[in-house]
Amino acid sequence: MRAFFFFLFFVSTFSLPSQAAEISHSAQAQAQLAGKQILYVERAQYASDHHNTATIFQPGEINERSFAPGGAMRVYDVDSKTTRTLIESKDGVVRDPEVSFDGKKIIFSMRKNRADSYHIYEINSDGTGLRQLTFAPGVSDIDPLYLPDGDIIFSSTRQPKYCMCNRHIMANLHRMEADGANVTQIGVSTLFEGHASLMNDGRILYDRWEYVDRNFGDAQGLWTVNPDGTKHSIYYGNNTASPGAVIDARQIPGSDLVICIFGSCHDRPRGALALIDRRKEVDGIEPLVEIWPKSSRKLVGRGNLDSFKSISLFYEDPWPLNENNFLVSRTIWFKGAKGHVGNSKMGIYLVGRNGLEELVVEGKKSLFDPQILAARPKPNKLPVMRNFKDKDGVFYVHDVYEGTHMKGVQKGIVKYLRVIESPEKRTWTRGGWGGQGEQAPGMNWHSFENKIILGETPVEEDGSANFTVPAGKFIYFQLLDKDKKMVQTMRSGTMLMPGEVNGCVGCHESRIAAPHLPGKSPLALKKPPRKLEKWANKEPFKFSFMEHVQPILDKHCIKCHDYDVKNRKKLVLARDMNPFFNAAYVNLYVRKAVKLIGGGPAAIQQPYAWGSHASKLTKIIDGTHGGIKLTQRERETLYTWMDLNGVYYPVYESAFDTTLGGRSPLESADIRELSKLTGVNIWGLNSHRRALQSQISFERPELSPCLDGIRANKEKFNRAVAIIRKGGMQLKKTPRGDIESEIVVVKRLQAQLDKYALLEKERSVRDAKIAEGEKFYDPKP
């Protein structure tokens, strides 16, 4: 047995009454808690940060200084009102405990000190037998969960990726054996998968933050997955604008109800305590059975991503005793000289649907993660439906026309289904672009993602499709008509494990209603799964505006749509690069030639709402504008670019780190001087809200529109031209990523890429050993 014991921590089985404040319990509370022991964690509340998932403060990451050491895991005996400490650390933090099904062990995450990362540990419920299970250096393992077969689920940064709207490390679901062997990744979404808990049927309920072509702030809901990583599926809240976060959920034993937290994007992992019944709906207020505080009900579906920051009381880490009573961490109010103050210290409360809300345990610091230390029934053990050898899985769709958001789409319109990968962000820059959130570096005008077209597959006459997809990719689907224009699209992602077969009834079909399906078997399922057809006869690639769209504009448009110092109202479609993108890209957006959703709303959109069918540019290229005749491939390329939500950069990496937009070859001093010389606020152009067309041409500095006001002043003009030319020379020397093959990655970002590559290599070795039936452990330091 692999075990690693620490003597740096205080470990005790003695009762320590002084660790918890003496509290008298009401008769109601005593009736619910008599004879019980409550496990909890005592520590400081996590520091406020960018997002509710930013609680790791991993060494080497942007928010590492926010780590606040000191904490303990304790057990409170309700009858004797005494507390015993299982483990305590002055320099570290204990978090995320989970009691085993027999009540004899506790699994948790711990960080020994500021230099350490979080690892998974196990301890006996009497405080003996502490052992470390995971050892991977430079990564964080949190939120562990026992499975019925003894294996363990947890969230980890072992595939290091960053939120696309900022610079913070994210985590995915992983699984390992009881002794820490054979860690394998079971979730590959591009942001955060956390707070895993078990449902009564054996599935895992977890919260997922992810976005594809949508707002970053309201894209965190509840999802389910089988313990082997198959069948990821929406549970609740993915398309609800408020609350901005639905997190930390647990299903009530013997019930369909789920207790969870309705929280905010830019807050700690806390909010209102909510009881939901998913049988009623998968979004909005209909499933809401109860909410605490009651006044927060008005915010559901009517607020915004951060509305739940304004509530009067905050709840965290709910634990159901039964369908009517819950343990939960809650803010403790106390009266000071100026009335109610505080709102930061948390205690353990008993909350009941009958109006009971009583403080049960209070500590010197805040208290979190309450749960009953006792045996409990095991949920079902689900069979394994994946392997470790196949490179692909299979997706099928029964009928693409079956869906809640297919209004006006007649049978036979959809001819193809396109499969697109949304890759993870492996690096970040200190400079950023103001898209829908802060992109670091700038990627697109408004949305966050780069895109890889994996291929397309035909849709049968009855609306069915059956096709193979590479496993381990975060992907989404688009429906296309005969011209390869988008009819409808997903704005969320899905994934397959190796060897998995998964399918859906239709596109955005109802999750709670019985499907209306004919009795006969779909045509696509009568044939073997199709291999995806290559887009434009190319292997999968990262789409680039400069590489794939701009050559078409150069060939057909530039004769009439080039820079003209005498006519600045003209739509300029030149390839000239500026500090952020290139001229054509900026101007197509500023002049509203395309109607794209960008980082769009939470609500599912109706077909044809945006993209190639809705854009002015499509009417131009499909018409006779200027006598231009595009080839079919050229038209399809432009349609595809619009339907990919108008992406620009193919990569998250950049040649520049600290400069404007994370892409500018000009330093801050150059930008300030250029702004002062020209009277044009170049800093103010670093956002999708800008009203000006492209103002700088690095390739042809003299034609830069920002110079128009100083052309008569030769001294200013020449100096400004020299600054712009300097930027052009630097950009030529160190390409920033407009075309993937030409990029020169800045040193700090290359180190992030190297770490990712090393961990991916380790993962491949580990999966290969698992496939051969071998054991593989994290190497000990």
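Each remark here, short or long, concerns the structure printed above.
Residues numbered from 1 in each chain as written. Predicted model: local features only at pLDDT ≥ 70, side-chain atom pairs only at ≥ 80, totals over all residues. Heavy atoms only, no water.

Student: Help me understand helix α3 (residues 583-590) in this model?
Tutor: Helical geometry: 3.6 residues make up each α-helical turn, so side chains three or four residues apart lie on a common side. Summarising burial for α3: eight of the eight residues are buried, a large majority. Taken together, the buried positions of α3 are occupied by A583, A584, Y585, V586, N587, L588, Y589 and V590. Lining the buried residues of α3 we find α2 (545-556) and α5 (632-643). Positioned one or two residues after α3, K592 has a phi angle of 55°, which is positive. (Buried < 20%, exposed > 50% of the residue type's maximum accessible area, 1.4 Å probe, protein only. Helix = DSSP H or I, 4+ residues; strand = E, 2+ residues; numbered from the N terminus. Contact = heavy atoms within 4.5 Å.)

Student: Before we go on, may I ask you to explain unusual backbone geometry in this structure?
Tutor: Most peptide bonds are trans, and most residues other than glycine sit at a negative phi. Residue P243 follows S242 across a cis peptide bond; omega there is 10°. With respect to the helices and strands, P243 occurs in the loop between β15 (233-236) and β16 (245-251). The peptide bond linking W292 to P293 adopts the cis configuration, its omega dihedral lying at -10°. Tracing the backbone through its elements, the reader meets P293 in the loop between β19 (288-292) and β20 (315-320). Even without being glycine, D96 reaches a positive phi, approximately 60°. Tracing the sequence through the fold places D96 in strand β4 (residues 93-99). For D96, a relative accessible area of 9% puts it in the buried group.

Student: Before we go on, may I ask you to explain the environment of Y756 in this structure?
Tutor: Among the structural elements, Y756 can be located in helix α8 (residues 747-771). Considered as a pair, Y756 and R426 are 330 residues apart in the sequence and their alpha carbons are 7.1 Å apart. What Y756 contacts, discounting residues up to four positions off in sequence, is Q159, P160, E424 and R426. For Y756, the side chain forms a polar contact with the side chain of R426, separated by 3.4 Å. (Polar contact = N/O pair within 3.5 Å; in protein donor to acceptor, adjacent residues only side chain to side chain.)

Student: For this particular structure, what's the right way to read the environment of S510?
Tutor: Positionally, S510 belongs in the loop between β33 (501-504) and α2. Along the chain, S510 and S233 lie 277 residues apart, while their C-alpha atoms are 13 Å from each other.

Student: What is the right way to look at the layout of surface pockets in this model?
Tutor: Any empty space left between the atoms is revealed when a probe the size of a water molecule rolls over them. A volume near 1,100 Å³ is recorded for the largest pocket. Around the largest pocket, the lining comprises 42 residues; the ones closest to its centre are I234, C504, H508, E509 and R511. Contributing elements (two or more residues each) for the lining of the largest pocket: β15, β25 (392-397), β31 (475-480), β32 (486-489) and β33. Partitioning the lining of the largest pocket into residue classes produces 15 nonpolar, 18 polar and nine charged. Reported here for the second largest pocket is a volume of approximately 840 Å³. Along its surface, the second largest pocket is lined by 40 residues, and A471, G472, K473, E760 and R763 are the ones closest to its centre. Looking at the lining of the second largest pocket, the elements that each hand over two or more residues are β11 (184-185), β29 (452-458) and α8. (1 Å grid on protein atoms, 1.4 Å probe; cavity = no way out; pocket = protein on both sides within 12 Å on 5 of 7 lines; lining within 4 Å. Points joined across faces, edges and corners; volume = space filled by probe spheres on them. Nonpolar A, V, L, I, M, F, W, Y, C, P; charged D, E, K, R; others polar.)

Student: Help me understand the side chain of T678 in this model?
Tutor: Turning to its location among the elements, T678 is positioned in helix α6 (residues 668-678). Residue classification places T678 among the buried residues on the basis of a relative accessible area of 10%. Within the structure, the side chain of T678 is placed 2.8 Å from the backbone oxygen of L674, a separation counted as a polar contact. Side-chain polar atoms of T678 contact the backbone nitrogen of V680, separated by 3.2 Å. For T678, the residues in contact, after removing those within four places along its chain, are C706, L707, I710 and A720.

Student: I'm lost on the pattern of salt bridges in this one. Help?
Tutor: Side-chain pairing between opposite charges can occur once the charged atoms of the two side chains come close. One pass over the full model with this rule turns up 50 salt bridges. For R279, the salt bridge goes to D256, with nearest N and O atoms at 3.1 Å. Remark: D256 occurs in the loop between β16 and β17 (258-263) and R279 occurs in the loop between β18 (271-276) and β19; sequence separation between them is 23 residues. Taking the relative accessible area as the measure of exposure, D256 reaches 38% and is therefore partly exposed. A cluster of three or more residues bridged by salt bridges with shared partners is formed by E42, R74 and E88. (Salt bridge = Lys/Arg side-chain N within 4 Å of Asp/Glu carboxyl O.)

Student: Honestly, the sheet that holds β33 in this entry has me stumped. Any pointers?
Tutor: As a general point, the strands of a sheet are linked pairwise by backbone hydrogen bonds and lie either parallel or antiparallel. An order of β30-β25-β33 is seen for the three strands of this open sheet, with the pairing classed as mixed. One side of each edge strand has no neighbouring strand; the edge strands of this open sheet are β30 (465-470) and β33. Averaged over neighbouring strand pairs, the angle between their axes works out to 25° when direction is ignored. Two strands pair when backbone bridges link them, and β25 and β30 are joined in this way by six bridges, in the antiparallel orientation. Directly across from V397, in β30, lies its bridge partner A465. (Pairing = 2+ DSSP bridges. Axes fitted to C-alpha atoms, helices over the stretch in contact; angles between N-to-C directions.)

Student: I tried to follow empty space enclosed by the protein on my own but got confused; where do I start?
Tutor: Under the counting rule described, the total for this entry stands at four cavities of 30 Å³ or more. D96, D143, H195, D248 and D369 are the residues nearest the centre of the largest cavity, which is lined by 26 residues in total. Among the elements of the structure, β4, β8 (141-146), β12 (192-198), β16, β20 and β24 (366-372) are those that each provide at least two residues to the lining of the largest cavity. Residues that form the lining of the largest cavity fall into these classes: 10 nonpolar, six polar and 10 charged. Its boundaries defined by the atoms lining it, the second largest cavity holds a volume of some 70 Å³. Forming the boundary of the second largest cavity are R43, A44, Q45, Y46, A47, F57, S66, F67, A68, G70, V93 and Y118. Class assignment of the residues belonging to the lining of the second largest cavity gives a composition of eight nonpolar, three polar and one charged.

Student: Hey, could you run me through the pairing of β19 in this one?
Tutor: Look at any regular strand and the pattern is simple: side chains alternate between the two faces of the sheet. Most of β19 sits inside the fold, with four of its five residues counted as buried. Note that β18 and β19 share four bridges and pair antiparallel. Looking at the pairing, I276 lines up with L288 of β19.

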